[in-house]
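Report on the structure
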Amino acid sequence: MYWIRRSLAVVVAVALLAAGCGRGTDDTGVTTIGLLSAALADTAEASSYRVSLAAGMKLKLLGAELSAGIDENNPVAIGEVSSEREYFRFDLATLLESLFGLSLEEWGDLGFEMWFDQDRIVMDTSAFQPLVDEDPDVDLGPFAPGVFFIDLTALEADSPELMNAVAGSSTPDLREMAASLPAALITIEQTSTDPPTFVGTTTSARLIEALGGDVEADARCDAAQLGMASPENIDELAELIVQVYETNTAEVVIELDEQGLLSVLWTKEDYSAVLRVLAESEGFGTDLSEEERQEAVEVFGSAEMILATRVAYEPDADGEVPMPPPTTEDRTEEWHEFLPECS
């Protein structure tokens, strides 16, 4: 869920950046960043908006290539955000089809909903019931069908790192980003006037920090979720992933509407190096024979994985975020057990 969080979080920040781009007369990088910083400061009070996210992936593995382009008419996630709470709906069938070419049409409306506020997350995974009906022994863990909540107050007190992983789709604080995001940009330039389009770059690490994330905590959770390193080697793998994020280039393309506000945000990042450092880590494939391990190292070492996203942004000053359904089921501890290495 990490890449979804970054895409949804960056949409607001870049929208504010984009609003200031049209004010300048000099398109040099330094001047543009100065204008962006001013625009952020002027518009950090923006509170309500809609977002929709589409995604695509290119994956080369074992000599085969899987390429799924972005389908802007079938977003994998839609959201409504206000200062009081946030709501997102994730379409799992579209997500798997967009990223891996898998079709889940037989499962129908397969997805889940999330509501965020300062104290808790409410999730509705009732649409996963067909999976259980098909295979009653399937273990969906904390995603089992139902309506439940996660106590963020308790989770943060016990493990701030784990809360960052669980609440990963929440958007960052705009006031903080007003200062942090301009400083994170390495380059930005206008490439078109019809529509007004800007292209920018930064590193994955700088982007994570600018959006209020913790690079080391995110890397540790990513290392744990990759699932192919032994528990005693999670720290080593996390350090290698941090190094990747510090050098990895994140590309951003911004299209504006006629009012100078963000219309579409495109991002692209190459995650191939994460697969390579996984294969090179000391704890990789410890349950494999030496021959199997070497084969796996070669496979992951030559793999290519590029993720692209398209986020459409629509400000809505009068928008109302739907209220979450009532629930008394607490799955906070289940999430703690689900991602133990993040804590």
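A short tour of the structure in this document, coming up.

Calculation notes
- Residues numbered from 1 in each chain as written.
- Predicted model: local features only at pLDDT ≥ 70, side-chain atom pairs only at ≥ 80, totals over all residues.
- Heavy atoms only, no water.
- Helix = DSSP H or I, 4+ residues; strand = E, 2+ residues; numbered from the N terminus.
- Buried < 20%, exposed > 50% of the residue type's maximum accessible area, 1.4 Å probe, protein only.
- Contact = heavy atoms within 4.5 Å.
- Expected span 1.5 Å × (residues − 1).
- Arc of directions from axis to C-beta.
- Salt bridge = Lys/Arg side-chain N within 4 Å of Asp/Glu carboxyl O.
- Axes fitted to C-alpha atoms, helices over the stretch in contact; angles between N-to-C directions.
- Parallel < 35°, antiparallel > 145°, perpendicular 65-115°, else oblique.
- Left-handed = near helix turned anticlockwise from the far one by under 90°.
- Phe/Tyr/Trp six-rings, centres within 6.5 Å; stacked < 30°, edge-to-face > 60°.
- Lys NZ or Arg CZ within 6 Å of the ring centre and 35° of its normal.

Some thoughts on the overall build of the protein
From N to C terminus, the protein includes 13 helices and 12 strands. Within the span of the protein, comprising 343 residues, buried residues form 49% of the whole. Pairs at least 24 residues apart make up 67% of the contacts formed inside the protein by residues separated by at least 6 positions.

Focus: the environment of M323
Here M323 is to be found in the loop between β12 (304-315) and α13 (332-338). Distance from M323 to R85, taken between C-alpha atoms, is 8.6 Å for residues 238 residues apart in sequence. Other than its neighbours up to four places away in sequence, M323 contacts R85 and W115.

Section: helix α12 (residues 290-301)
With 12 residues, α12 ought to run about 16 Å at 1.5 Å a step, and its terminal C-alpha atoms sit 16 Å apart, in line with that. For α12, the set of buried residues is R293, A296, V297, V299 and F300. Taken around the axis of α12, the buried residues stretch over an arc of 165 degrees, which confines them to a single face. Turned more than 90 degrees away from the buried face of α12 sit E291 and E298, all of them exposed. Taken together, the buried residues of α12 touch β1 (49-61) and α11 (272-280).

Some words on the pattern of salt bridges
Counted by the stated rule, this structure contains six salt bridges. In this structure, E72 and R310 form a salt bridge, with 3.7 Å as the shortest nitrogen-oxygen distance. Within this pair, whereas E72 is found in the loop between β2 (64-68) and β3 (77-81), its partner R310 is found in strand β12, the two being separated by 238 residues in sequence. Its relative accessible area of 46% is what places E72 among the partly exposed residues. Residue D235 is joined to R220 by a salt bridge in which the shortest nitrogen-to-oxygen separation is 2.1 Å. Of this pair, D235 sits in helix α10 (residues 234-247) while R220 is found in helix α9 (residues 215-226), placing the two residues 15 residues apart along the sequence. One salt-bridge network, in which partners are shared between bridges, spans K58, K60 and E304.

Some details on the packing of α11 against α12
It is at 8 Å that the axes of α11 and α12 come closest, and there the two elements cross at 160 degrees. For the element pair α11 / α12, the angle class is roughly antiparallel. α12 is crossed by α11, and the crossing has left-handed handedness. Across from L275, R276, L278 and A279 in α11, the residues of α12 making contact are R293, V297, F300 and G301.

Observations regarding the environment of V311
Within the secondary structure layout, V311 lies in strand β12. In the structure, V311 is positioned 258 residues away from L53 in sequence and 4.5 Å away in space, judged by C-alpha atoms.

A few points about α11
For α11, a buried count of seven out of nine residues is recorded, marking the element as mostly surrounded by other parts of the structure. Residues of α11 that are buried include every one of S272, A273, V274, L275, V277, L278 and A279, and no others.

What about the packing of aromatic side chains?
Counting across every chain of the model gives eight aromatic pairs. Seen in terms of ring centroids, Y87 and W115 are 5.1 Å apart; in terms of plane orientation they differ by 45 degrees. Their pairing is tilted. Residue Y87 is found in strand β4 (residues 86-91), and its partner W115 is found in strand β5 (residues 111-116); the two are separated by 28 residues along the sequence. Exposure class is identical for Y87 and W115. Each is buried. With a centroid separation of 4.9 Å and 25 degrees between ring planes, the pair formed by F90 and F112 is classed as stacked. With a gap of 22 residues between them, F90 in strand β4 and F112 in strand β5 connect regions that are remote in the sequence. Neither F90 nor F112 differs from the other in exposure class; each is buried. Ring pairing ties together the aromatic residues F88, F90, F112, F116, F128, F143 and W335, which thus form one cluster. Stacked on the ring of F149, the Lys or Arg R120 has its end atom at 4.6 Å from the ring centre.

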